[in-house]
Amino acid sequence: MRQRVMIAIALSGEPQLLIADEPTTALDVTVQAQILALLAELKRERGLALVLITHDPGVVAGIADRVSVMRDGRIVETGAVGAIFRSPREPYTRKLLREARGPHLPADAPHSSPPAPAAPGAPPALELAGVSVRYTIGRGWLGRRAKLAALSEVSLELARGEALGVVGESGCGKSTLVRAVLQLLPLHAGRVVWMGRALGGLPRSALRSLRRDLQIIFQDPFGSLDPRMTVGEIVAEPLEVHARDFTPAAHAAAVAAALSQVGLGAELSSRYPHELSGGQCQRVGIARAMILRPQLLACDEPLSALDVSTQEQILTLLGELRRASPMCLLFVSHNVALVQRLCERVLVLYLGRMMELAPAAALYSRPLHPYTRELLAAVPVPDPDIQPARLERAGRGEPPSPLTPPSGCVYRTRCPHAAAVCRERIPTWEKLPDGHYVACHRWRELG
Ligand code: SF4
């Protein structure tokens, strides 16, 4: 909505040229598709000249006629979008396109090898049973309190060493799910069980020692690092809490090993966050999370503030870390295309409810839920032959307020297949023989 308002303000003077500087960065794929469709329409119908600045070749493919590729302040290649995307001359352009295309290719090899399947009957590492979270928020001029259902009846299991991607638009409950697992907020209902122990109600000391197994990487690589601390101090921070008996030598060795594990030199130890790039800051955050060798790593939108090349590097790094030390991964992202690179299974959330859960390959090749289909259709594809048509077909709806969720199926106000039953009953969470789960009254008839 805010981006639409900005576009309306920019158009109020009836300009002939509109400069859009990363207009969709950090937006959900569905909102991104709507903004890009709007820009394409303005360009077409008003004859508006548009300069679109973006790090995403898929965005370029949808609306631009010509493209200039820049590196280190220089234009390295320029020309018609079709020609450059089909046969780029410069190695840098080829690299950008290869990285951008990677996540969209169905046959693309995942970044990490799946873990060995859990033995039949083996207990799950993580279990969520009927987890619900409510937020109390102030509302209106009179400050009346209201309850917001951030997460409703989420149940799932994670095998040891498994990576689960969690996708959905802003406000769907992805980050709340991570915080519920890590016991960073109180549950309204349900329970979280880690390695056979229910985490709710554990004494503070027991929870504290369990926390060394459960670590998190945050979304904002700069904001999540204390600007007054050096890189070495930041990475060592968990040791101060969980490994107080370390000798100074063991302490220093652990920091150096953690930095090396994420591809950072020991010489960065004395630097401060403001002296680092976004990718380096995110590596520092990963080193801090990995220094205790956790058994579960929760990644809360770790790539959304990074450019395509840096996203690729961080994805590769996370894949390597999983291979080096098998651990569970909860990988939250609004970018559904990126998740399949890393995760064995993917959970789709909408307005705090589970819509679909499936092995990644099945979800991307045969999505059953209309919302999953909408998400996948909105991913920009760096192919100028098909992306303009995909933009035109992009869904136009936005999620309703979580304060007043629709009755029945919460997706029904946007769903093109909604029927009377969808208004009356909440869909049941059905399990299919191939490990696919879906919550939709009509998934069978929709094929
Ligand atoms: S239950 Fe109905 S409204 Fe919900 S996704 Fe299925 S068809 Fe659409």
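Remember, it's a predicted structure, so these values are computed and weren't measured experimentally.

Could you give an account of the overall build of the protein, with specific residues and numbers?
Within the protein one finds 17 helices and 16 strands. In summary, the protein has a C-alpha radius of gyration of 23 Å against a globular reference of 22 Å for 447 residues, a match within 12%. Overall, the C-alpha framework of the protein stretches about 70 × 60 × 50 Å when taken along its three principal axes. Counting only residues that meet the buried cut, the protein has 51% of its 447 residues in that class. Put simply, of all contacts in the protein between residues at least 6 apart along the chain, 67% involve residues at least 24 apart. Counting every atom, the protein has about 21,400 Å² of accessible surface; 53% of that belongs to carbon and sulfur. Here the protein contributes 51 positively and 43 negatively charged side chains, and the mean placements of these two sets differ by 5 Å.

Residue-level account of the domain arrangement of the protein, with values.
Under the domain assignment, the protein is made up of domain 1 (2-104) and domain 2 (126-295 + 311-323). Put simply, the middle of domain 1 and the middle of domain 2, counted by C-alpha atoms, are 33 Å apart.

Please provide a residue-by-residue account of the packing of aromatic side chains, values included.
Here the structure, examined in full by the defined rule, presents 4 aromatic pairs. By the ring-pair criterion, three or more aromatic residues cluster together here, those being Tyr-350, Tyr-371 and Tyr-411.

Hey, could you go over the nonpolar core for me, with residue numbers and the actual values?
One finds Val-235, Ile-286, Leu-297, Leu-318 and Phe-331 to be the most contacted residues of the largest nonpolar core, which totals 82 residues. Of all the elements, helix 2 (residues 29-46) adds the most residues to this core, at 8 residues. Of the residues that make up this core, three or more belong to each of domain 1 (2-104) and domain 2 (126-295 + 311-323). Sequence-distant contacts of Ile-286, that is, excluding residues within four places in its chain, are made with Ile-217, Val-262, Ile-314, Leu-317, Leu-318 and Leu-321. Counting 34 residues, the second-largest nonpolar core is a separate cluster that includes Cys-172, Leu-330, Met-354 and Tyr-437.

Summarise the side chain of Glu-162; cite the residues concerned and give the values.
Its place among the elements puts Glu-162 in the loop between strand 6 (144-158) and strand 7 (163-167). From its side chain, Glu-162 meets the backbone nitrogen of Ala-159 in a polar contact 2.9 Å long.

Account for unusual backbone geometry, with residues named and values stated.
Even without being glycine, Glu-153 reaches a positive phi, approximately 50 degrees. Residue Glu-301 is not a glycine yet carries a positive backbone phi of 50 degrees. Its place among the elements puts Glu-301 in the loop between strand 11 (296-300) and helix 11 (308-324).

Run through the site of the ligand, naming residues and quoting values.
In the vicinity of the ligand lie 13 residues, with Cys-409, Cys-415, Cys-422, Cys-440 and His-441 positioned nearest. A per-class count over the shell around the ligand returns 8 nonpolar, 3 polar and 2 charged.

Report on the packing of helix 8 (residues 231-242) against helix 10 (residues 278-290), specifying residues and quantitative values.
Following both chains from N to C, one finds helix 8 and helix 10 inclined at 30 degrees, their axes separated by 7 Å at the closest point. Taken together, the axis directions place helix 8 and helix 10 in an arrangement best described as roughly parallel. Helix 8 and helix 10 meet at a crossing whose hand is right-handed. In this structure, helix 8 contributes Val-231, Ile-234, Val-235, Glu-237 and Pro-238 to the contact, and helix 10 contributes Val-284, Ala-287 and Arg-288. Of the residues that constitute the contact of helix 8 with helix 10, the class distribution is 6 nonpolar, no polar and 2 charged.

Break down the pattern of salt bridges for me, with residues and values.
Enumeration over the complete set of coordinates arrives at 12 salt bridges. Notably, a salt bridge pairs Asp-65 with Lys-43, separated by 3.3 Å at the nearest N-O pair. Placement of the pair is Asp-65 in the loop between helix 3 (57-63) and strand 3 (66-71) and Lys-43 in helix 2, with a sequence separation of 22 residues. Under the relative-accessibility criterion, Asp-65 is labelled exposed at 55%. Salt-bridge contacts for Arg-444 lead to Glu-430; the nearest nitrogen and oxygen are separated by 2.9 Å. Separated by 14 residues along the polypeptide, Arg-444 in helix 17 (residues 443-446) and Glu-430 in strand 15 (residues 430-431) bring together distant segments of the chain. Judged by relative accessible area, Arg-444 falls into the exposed class, the value being 56%.

Thresholds, definitions, all that
- Residues numbered from 1 in each chain as written.
- Predicted model: local features only at pLDDT ≥ 70, side-chain atom pairs only at ≥ 80, totals over all residues.
- Heavy atoms only, no water.
- Helix = DSSP H or I, 4+ residues; strand = E, 2+ residues; numbered from the N terminus.
- Rg over C-alpha atoms; globule rule 2.2 N^0.38 Å.
- Buried < 20%, exposed > 50% of the residue type's maximum accessible area, 1.4 Å probe, protein only.
- Contact = heavy atoms within 4.5 Å.
- Areas by Shrake-Rupley, 256 points an atom, 1.4 Å probe, with all protein chains shown as cover.
- Lys, Arg positive; Asp, Glu negative; His and termini not counted.
- Charge placed at Lys NZ, Arg CZ, Asp CG, Glu CD.
- Domains from an automatic or database assignment.
- Phe/Tyr/Trp six-rings, centres within 6.5 Å; stacked < 30°, edge-to-face > 60°.
- Core = buried A, V, L, I, M, F, W, Y, C linked by side-chain atoms within 4.5 Å.
- Polar contact = N/O pair within 3.5 Å; in protein donor to acceptor, adjacent residues only side chain to side chain.
- Near = heavy atom within 4 Å.
- Nonpolar A, V, L, I, M, F, W, Y, C, P; charged D, E, K, R; others polar.
- Axes fitted to C-alpha atoms, helices over the stretch in contact; angles between N-to-C directions.
- Parallel < 35°, antiparallel > 145°, perpendicular 65-115°, else oblique.
- Left-handed = near helix turned anticlockwise from the far one by under 90°.
- Salt bridge = Lys/Arg side-chain N within 4 Å of Asp/Glu carboxyl O.

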